[in-house]
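# Chain and residue survey
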Amino acid sequence: MTATLERTAPAASSAAGRGGSTLTGTGSLVRFILRRDRVRLAVWTGSLVLFYAYFTAALGIMGETEGALQARGALMETPSGIVMGGPGYGVENYTVGAAMANEGTVWVVLALALMSILHVVRHTRAEEESSRSELVRAAPVGRHAPAVAAVATLVLVNAVIAVVSALAMTGVGGAEEMPLVDSLGMTVGSGLSAMVFGAIALVFCQLVEHGRGATGRSVAVFGLAFAIEVAGNLREVPGGSTLSWFSPIAWAQQTRAFVDLRWWPMALSVVAIVVLLVAASMLASRRDFGGGMIATRAGRPDARESLRGPLALAWIQQRGALRWSALGLGAMWLASGTLIPEIGTMLGDLVADNPAMQAFFGGDTSQLEAAFLGAIMLYGALCAAAYAIVMGLRPKAEETTARAEVVLSTPVSRGRWLGAQLLVAGAGTVVLLAVGVYALWAGAASVGVTEPGLGTYTEVLVSYVPAVLIYLGLTAALFAWIPRATAAGWALLAYTFVIGMFGGLIEDLPEAARWISPFHWVPEPFVADFDAGSFAGLTAVAAGLLVLAFVGFRRRDLQST
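Criteria and cut-off values
Residue numbers restart at each chain and count upward from 1, following the sequence in its written direction. Confidence filtering applies because this is a predicted model: local features only for residues at pLDDT of at least 70, side-chain atom pairs given and counted only at 80 or more, and all residues used for totals across whole chains, interfaces and linings. Note: side-chain values were computed over all heavy atoms of the structure, leaving out hydrogens and water. Counting from the N terminus, the helices are the DSSP runs of H or I reaching at least four residues and the strands are the DSSP runs of E reaching at least two. Relative accessible area decides the class of each residue, using a 1.4 Å probe on protein chains only: under 20% of the type maximum gives buried, over 50% gives exposed, and in between gives partly exposed. Here, residues are in contact when the closest pair of their heavy atoms is within 4.5 Å. A residue's pLDDT is simply how confident the predictor is in it, with values from 0 to 100. Lining residues are defined by having an atom within 4 Å of a point belonging to a cavity or pocket. Those points lie on a 1 Å grid over the protein atoms alone, cavities being sets where a 1.4 Å probe fits but cannot get out and pockets being open sets with protein on both sides within 12 Å along at least five of seven lines. Grid points are joined across faces, edges and corners, and a volume is the space filled by probe spheres set on the points. The salt bridge criterion pairs a side-chain nitrogen of Lys or Arg with a carboxyl oxygen of Asp or Glu, the two atoms within 4 Å. Angular values range over 0 to 180 degrees, each being the angle between N-to-C directions of two axes fitted as lines to C-alpha atoms, with helices fitted over their stretch in contact. Roughly parallel here means an angle under 35 degrees, roughly antiparallel means over 145, roughly perpendicular means 65 to 115, and every remaining angle is called oblique. Left-handed describes a crossing whose near helix is turned anticlockwise from the far helix by less than a right angle; the clockwise case is right-handed. To estimate the expected span of a helix, count its residues, drop one, and scale the result by 1.5 Å. Bend at a residue means the angle formed by two fitted axes: the first through the 7 residues ending at that position, the second through the 7 residues beginning there. Each Phe, Tyr or Trp ring, with Trp reduced to its six-membered ring, pairs with another whose centre is within 6.5 Å; inter-plane angles below 30 degrees give stacked pairs, above 60 give edge-to-face pairs, and intermediate values give tilted ones. When the NZ atom of lysine or the CZ atom of arginine is within 6 Å of a ring's centre and also within 35 degrees of its normal, the charge is said to sit over that ring. The definition of a polar contact used here is a pair of N or O atoms within 3.5 Å, where within protein one atom must be able to donate a hydrogen and the other to accept one, and adjacent residues in sequence count solely through side-chain atom pairs. A patch consists of residues exposed above 30% relative accessible area that lack any salt bridge, with like charges linked at up to 9 Å and nonpolar side chains (Val, Leu, Ile, Met, Phe, Trp, Tyr) linked at up to 5 Å. Per-residue and other accessible areas follow the Shrake-Rupley method at a 1.4 Å probe size, with only the shown protein chains counted as cover for residues. Gly counts as polar in this scheme, as do all residues outside two lists: the nonpolar Ala, Val, Leu, Ile, Met, Phe, Trp, Tyr, Cys and Pro, and the charged Asp, Glu, Lys and Arg.

### Let's talk about the overall build of the chain
Regarding its fold elements, the chain presents 24 helices and zero strands. In the chain, which comprises 561 residues, the share counted as buried stands at 50%. Restricting the contact set of the chain to residue pairs at least 6 apart, pairs at least 24 apart contribute 77%.

### Quick look at the confidence of the model for the chain
Confidence along the chain averages 82 in pLDDT terms, with 85% of residues attaining 70 or more. Per-element averaging of pLDDT across the chain places helix H1 (residues 2-17) at the bottom with 39 and helix H10 (residues 180-207) at the top with 94. Ignoring residues within four places in sequence, the model shows residues 355-363, a span with pLDDT below 50, making 18 contacts including any to other chains.

### A closer look at empty space enclosed by the protein
Scanning the model with the defined rule gives six cavities of 30 Å³ or more in all. Of the pockets and cavities examined, the largest cavity occupies roughly 120 Å³. For the largest cavity, the lining is made up of 14 residues, of which Ala-101, Asn-102, Thr-105, Gln-253 and Ala-257 are closest to its centre. Where the lining of the largest cavity is concerned, the elements lending two or more residues are helix H6 (96-123) and helix H12 (248-253). Top contributing element to the lining of the largest cavity by residue count: H6, with four residues.

### Section: the pattern of salt bridges
Tallied over the full model, the rule gives nine salt bridges. Here Arg-36 ties to Glu-127 by a salt bridge, and the two come within 3.4 Å at their closest N and O atoms. Taken together, the positions of Arg-36 in helix H2 (residues 26-36) and Glu-127 in helix H7 (residues 125-129) put the pair 91 residues apart, joining distant regions of the chain. On the accessibility criterion, Arg-36 (28% relative accessible area) is partly exposed.

### Details of the packing of helix H20 (residues 414-446) against helix H21 (residues 454-481)
Running from N to C, H20 and H21 point in directions that differ by 150 degrees, and their axes come no closer than 9 Å. One way to sum up the angle between H20 and H21 is to call them roughly antiparallel. Remark: the crossing between H20 and H21 carries right-handed chirality.

### What to know about H21
Here H21 is 28 residues long and its end C-alpha atoms lie 41 Å apart, about the 40 Å a rise of 1.5 Å per residue gives. When the local axis directions of H21 are compared, the greatest deviation, roughly 30 degrees, occurs at Val-465, which is followed within four positions by the proline Pro-466.

### A few points about the packing of aromatic side chains
Counted by the stated rule, this structure contains 14 aromatic pairs. Members of the aromatic cluster, joined through ring pairs, are Phe-51, Tyr-52 and Phe-55. A cation sits over an aromatic face here: Arg-414 above Phe-553, 5.2 Å from the ring centre. Over the ring of Phe-479 we find Arg-556, and its NZ or CZ is 4.9 Å from the ring centre.

### What about helix H24 (residues 532-555)?
In a regular helix each residue adds 1.5 Å, so 24 residues correspond to 34 Å; H24 covers 35 Å between its end C-alpha atoms and thus fits that length. Ser-534, Leu-538, Ala-542, Leu-545, Ala-549, Gly-552 and Phe-553 are the residues of H24 that are buried. Buried positions along H24 lie against H20 and H21. Of the residues flanking the start of H24, the one acting as N-cap is Asp-531, its side-chain oxygen 3.0 Å from the backbone nitrogen of Gly-533.

### A word on a nonpolar patch on the surface
Judged by side-chain polarity, Leu-34, Leu-156, Val-160, Val-163, Val-164, Leu-167 and Leu-180 come together as a nonpolar surface patch covering roughly 520 Å² of accessible area. Among the elements that take part in the nonpolar patch, helix H9 (residues 145-173) stands out by supplying five residues, more than any other. By secondary structure assignment, the location of Val-164 is in helix H9.

### Examining the packing of H10 against helix H11 (residues 211-235)
Orientation of H10 relative to H11, taken along the N-to-C sense of each, is 140 degrees, at an axis distance of 9 Å. Classified by the angle between their axes, H10 and H11 sit oblique to one another. Judged by the twist between their axes, the crossing of H10 over H11 is right-handed. For the pair H10 and H11, the contacting residues are Phe-197, Ile-200, Ala-201, Phe-204 and Cys-205 in the first and Ala-214, Arg-217, Ser-218, Val-221, Phe-222 and Ala-225 in the second. Across the contact of H10 with H11, the residue classes tally to nine nonpolar, one polar and one charged.

### Notes on unusual backbone geometry
The phi dihedral of Arg-256 falls on the positive side, at around 55 degrees, and the residue is not glycine. Tracing the backbone through its elements, the reader meets Arg-256 in the loop between H12 and helix H13 (265-286). Since its relative accessible area comes to 22%, Arg-256 is described here as partly exposed. Phi is positive for Phe-258, close to 70 degrees, though the residue is something other than glycine.

### Side note on the side chain of Thr-124
Residue placement: Thr-124 occurs in the loop between H6 and H7. Residue contacts for Thr-124: discarding those within four places in its chain leaves Pro-146, Ala-147, Ala-150, Leu-202 and Cys-205.

### Topic: the side chain of Ser-241
Looking at the element boundaries, Ser-241 is found in the loop between H11 and H12. In contact with Ser-241, other than residues within four places in its own chain, are Gly-232, Arg-235 and Glu-236.

### Structural notes on the environment of Ala-477
Looking at where Ala-477 falls in the secondary structure, it is placed in helix H21. Ignoring sequence-local partners within four residues, the contact set of Ala-477 consists of Ile-482, Leu-545, Leu-548 and Ala-549.

### Re the environment of Asp-531
Considering the arrangement of structural elements, one finds Asp-531 in the loop between helix H23 (511-515) and H24. What makes Asp-531 partly exposed here is its relative accessible area of 35%. Separated by 72 residues in the primary sequence, Asp-531 and Glu-459 have C-alpha atoms spaced 10.0 Å apart.

Here is the structure:
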């Protein structure tokens, strides 16, 4: 062994002396990342391409009904339509392409931004935190090679998604209705906007010491960007105001795909990405390996009795992500609540003057605010479910990095350790959902909307809790029995999103297809009364999945990488 080390060390140093740079080994790391994440990236790519194709087909079906698309275009001029969609380009002559760009861009950017943030953190800060990066850099690998490899693979994946999705949209919608150049304008613009948040995540990876903190802060920045985009678009309809241009999300919307395509707004994303990457490179060159530019606060010299256990450890590991996620989503929901007074007035006028809108919404304008609240509630529940999945994967991360093995070598049972991780994850999920619901109520109350009251909001919150916890239970059960299949939790979330947001566009969708979504069994928020039977059934499913997780984890061997 000594002889081997003596022969290897000079080889590494001589490689650096022969012109090695901070980017040495980047190509090898790119190939390694693509091989390591081939399944993960394939799932992301397939899901997004299917979303583009499905949404295009669904809008095409709606376009076959006379007046349906134009009624939908009128809806996009309302505050709720602007919040859930965009600045409203092309609403006066609403086509399938214009509907796709207006209503799909925000959701695509959200999904791609989440993918970008997780990908960058996974292959930079998380690798340093687990000490795997230290082993990699013991070979002839430059200081900046891991970060550059992560960004390069992210660019490649986003490029593939953009091209394949554009082809899918054109193929499904037809070259006349969905021109390929406009399809590329939408997909490329969305990909570039999302990569801005990936670059922001890379900057946070240099500033903070833990991957959870980098992820949480990056998600919070996305929430802030969403709030700025919404506020800017509401100030001037259509087209948005100057304020909206301060959000990267608006840069994708301002390409005006399928209406009046222009490419130059994408240059803003490119410039922002370059500036952020340069800033991340400068920070990386000045910080210690494994550390962050923001100093970690010194702790007590001796731990309290309450901190000596797996529950305290799980809380310390998850509190940063919970704090930043609650801050970002709470601000977004608070802003959404302030829009409620305008919903009834604007939609009421449209329904009164538009027969197509009357057919689409019905004549009862008193339910319009409830419909808006229901859409916001569904979006918030999806965010809470995503948090549940991420935190449900914490035990897997602890196991694969061998930290769980260290804890379990002490007098801590498997059930106690897993229970602590899932208890903190479940409590955090409920807290995040509650923060969003009560922030929505506070926003409405701040502008004088007192109905529905706080009790109704609490009832809606309680109704959604077991449905959201099903995602945590499913992720935990898959981790315990089939660790390689934990991505199925994300697949269920994507399915729930598509069914919840766009299932109503397809009249012939089988009812059984809706049953798969846990949210299908939740009473319609702010309209239907609390259903004790549905609550008990969803609770039983969530509890059963958690029991399966404990049984499976006790039966299998620990795994590590």
